[in-house]
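Read off the chains here:
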Amino acid sequence: MCPLGCVQIDNKVIREGRHKHMKKTGCLWVLLLMLTFGNTMSAHAQNDYSIIIAIGQDVPTEDGLPEGYGFPEGYQENAVQFVTEDGVALCGYVLGTGSRGITLGHARGWGLKSWLPFGERLAEEGYQVILWEFRDIAPSGSAAAGMSQRWDLDVLAAAQVLRERGVTEIIAMGASYGGTATAVAAAEIPELVGVVILSAPAHGMEIDAISAMESVTAPAFFAVSREDWQNAPGVYQEHVESLYEACRSDQKEIHIAEGSDHGTDMITVPEEGELGYAVLPKTQEERKAREELADELMGFVNEAFGEGKAEEETAVSQDAAAGSLMPSTGKDTAGSEEVLQEKEPADSVAGEASRAQKGRPNVKPKIHIRKTA
């Protein structure tokens, strides 16, 4: 049967319900035209269509935001408004420039501003980052019925904004439910070189992060506080550990921190001001612990993007020349209560081939489990 609903009989075509004859080649020509037109429209959609609908002063950024949630003055020029695949208009900011980008999905209730301190640090390091308010949170738009929990579509749209701005490598980061959404979206980002999950539930009302993480093979960083969850301490740890176990990456690490910090609170040490519902460190010990975890995360980012590889190779060469059997790690572990476990994955050969194909350092794969006090 041809694509127009015709039936072929003895090299002739009879349209159902009519007795008008056509030559067989007629349908072939129509099919060829349809394929050509379809390919042209597809190419147009991929190359010419932008999901960015407003930038700078034209983007609503303060509408409906409680005190403490708005961005500081001077960020309006960084504002961007863009549309998800299901038609929700999201509002956010893009910081920094470059071909290496990072999506920063916030925790429910914390607001995009909770990522600002670390986002600024990432931009200063030369990365391009995007942070936004998820659907149904002002000033972003509302989702259709049954789609309010599909934050994963918002993450994919944020990645598309970076893509349109010239980014060719992406790390997807998310905290709490923003981390759940990030885990679900990660495997659908072709440019993915790393994923970061902070205090994320393993499941949502409409999304399942466990099954999604089974498709993630890029380097992965997980972190959670041991006492996180007000009424049942330890619940978030169980969720994050299940995501860690489900992840198929042969370069993954999990950090179990003491205390009850949630999401970006674990890495946030702002100089001043409020960050939505964020809890600021109360003691010098808390501040130091957050700084150390933030440094660990920054190290992961640099490594995932390939930064520092040359320095590491140089250090190894120098140690070898000096007759050392153990290359320098460049880290000071004095007084650390860190526990490090390493094991060889069964598919190490396949892992090496995969990294070589994707252009990542072809190093000996190891799985890291870090538990930091």
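Every residue gets a number counted from 1 within its own chain, in the order that chain's sequence is written. Selection of residues for local features in this predicted model requires a pLDDT of at least 70, selection of side-chain atom pairs for listing and counting requires 80 or more, and totals for whole chains, interfaces and linings are taken over all residues. Side-chain numbers come from the whole structure's heavy atoms, not from hydrogens or water.

(A) Quick peek at the overall build of the protein chain. By definition, any uninterrupted DSSP run of H or I lasting at least four residues is a helix, any uninterrupted run of E lasting at least two residues is a strand, and each is numbered from the N terminus. A tally of helices and strands in the protein chain yields nine helices and 14 strands. Taking as baseline every contact in the protein chain between residues at least 6 positions apart, the subset at least 24 positions apart corresponds to 69%. With residues, only the protein chains shown are counted as cover, and all accessible areas are computed by Shrake-Rupley using a 1.4 Å probe. When the accessible area of the protein chain is evaluated, it comes to approximately 19,300 Å², of which 51% is carbon and sulfur surface. Residues are treated as being in contact if the distance between any of their heavy atoms lies within 4.5 Å.

(B) Region of the structure containing the side chain of T264. Mapped onto the secondary structure, T264 falls in the loop between β12 (252-257) and α7 (284-304). Those residues in contact with T264, other than ones at most four positions away along the chain, are W110, S114, W115, A175 and L198.

(C) How the structure looks around the pattern of salt bridges. For this analysis, a salt bridge means a side-chain nitrogen from Lys or Arg found within 4 Å of a carboxyl oxygen belonging to Asp or Glu. For the coordinates displayed, the defined rule picks out eight salt bridges. Residues D86 and R135 are paired through a salt bridge, measuring 2.8 Å at the closest nitrogen-oxygen approach. Within this pair, whereas D86 is found in the loop between β5 (79-83) and β6 (89-95), its partner R135 is found in the loop between β8 (128-132) and α3 (151-164), the two being separated by 49 residues in sequence. Each residue is assigned to one of three classes by its accessible area relative to the maximum for its type, calculated with a 1.4 Å probe on protein chains only: buried under 20%, partly exposed between the two thresholds, exposed over 50%. Look at D86 and you get partly exposed, because its relative accessible area is 28%. Measuring nitrogen to oxygen at the nearest pair gives 2.8 Å for the salt bridge that ties R121 to D295. On the criterion of sequence distance, the pair formed by R121 in helix α2 (residues 116-124) and D295 in helix α7 is long-range, its members being 174 residues apart. The class for D295 is partly exposed, based on a relative accessible area of 43%.

(D) Fine view of the pairing of strand β11 (residues 220-225). Burial analysis of β11 places six of its six residues in the buried class, which makes it a mostly covered element. Along β11, one buried face is formed by A220, F222 and V224 and the opposite face, lined by F221, A223 and S225, is buried too. DSSP calls a pair of strands paired once it identifies at least 2 bridges connecting them. Summarising the sheet, strand β10 (residues 192-198) and β11 pair through four bridges and their orientation is parallel. What sits directly across from L198, in β11, is A223.

(E) Spatial organisation of α7. Under the 1.5 Å per step criterion, the end-to-end length of α7 is 30 Å for 21 residues, consistent within 8% with the ideal 30 Å. Of all the positions in α7, only R290, L293, A294, L297, M298, F300, V301, N302 and A304 are classed as buried. Positive phi shows up at G306, right after α7, with a value of about 90°. Multiplying one less than the number of residues by 1.5 Å gives the expected span of a helix.

(F) Structural view of the packing of α2 against α7. A fitted line through C-alpha atoms represents every axis, and for helices the fit uses only the stretch in contact; the resulting angles, taken between N-to-C directions, go from 0 to 180 degrees. Taken N-terminus to C-terminus, the directions of α2 and α7 make an angle of 40°; their axes are 12 Å apart at the nearest point. Relative to α7, α2 is oriented oblique. In the packing of α2 onto α7, the handedness of the crossing is right-handed. Residue-level contacts link F118, R121 and L122 of α2 to A294, D295, L297, M298 and V301 of α7. Residues are grouped as follows: Ala, Val, Leu, Ile, Met, Phe, Trp, Tyr, Cys and Pro are nonpolar; Asp, Glu, Lys and Arg are charged; all remaining types, including Gly, are polar. The residue makeup of the contact of α2 with α7, split by class, is six nonpolar, no polar and two charged. Comment on the angle field: the value is read as roughly parallel under 35 degrees, roughly antiparallel over 145, roughly perpendicular from 65 to 115, and oblique elsewhere. The hand of a helix crossing depends on one turn: near helix anticlockwise from the far one by less than a right angle means left-handed, and clockwise means right-handed.

(G) Local environment of the environment of G234. Tracing the backbone through its elements, the reader meets G234 in the loop between β11 and α6 (235-246). In sequence terms G234 and S260 are 26 residues apart; their C-alpha atoms lie 9.2 Å from each other. Ignoring anything within four residues of it in the chain, the contact list for G234 reads R226, E227 and D228.

(H) Local environment of the packing of aromatic side chains. Note on aromatic contacts: the rings of Phe and Tyr and the six-membered ring of Trp form a pair at centre separations within 6.5 Å, being stacked when their planes are under 30 degrees apart, edge-to-face when over 60 apart, and tilted otherwise. Enumeration over the complete set of coordinates arrives at seven aromatic pairs. Both rings, one in F134 and one in W151, keep their centres 4.0 Å apart while their planes meet at 10°; by these two values the pair is stacked. Of this pair, F134 sits in the loop between β8 and α3 while W151 sits in helix α3, placing them 17 residues apart in sequence. Neither residue differs from the other here; F134 and W151 are each classed as buried. Through successive ring pairs, a cluster of aromatic residues spans W132, F134, W151 and Y177. Only when the NZ atom of a Lys or the CZ atom of an Arg is both within 6 Å of the ring centre and within 35 degrees of the ring normal do we say a charge sits over the ring. Of note, R100 hangs over the ring of F305, and the distance from its end group to the ring centre comes to 5.9 Å. Taking NZ or CZ as reference, R108 lies 4.8 Å from the ring centre of W151, over its face.

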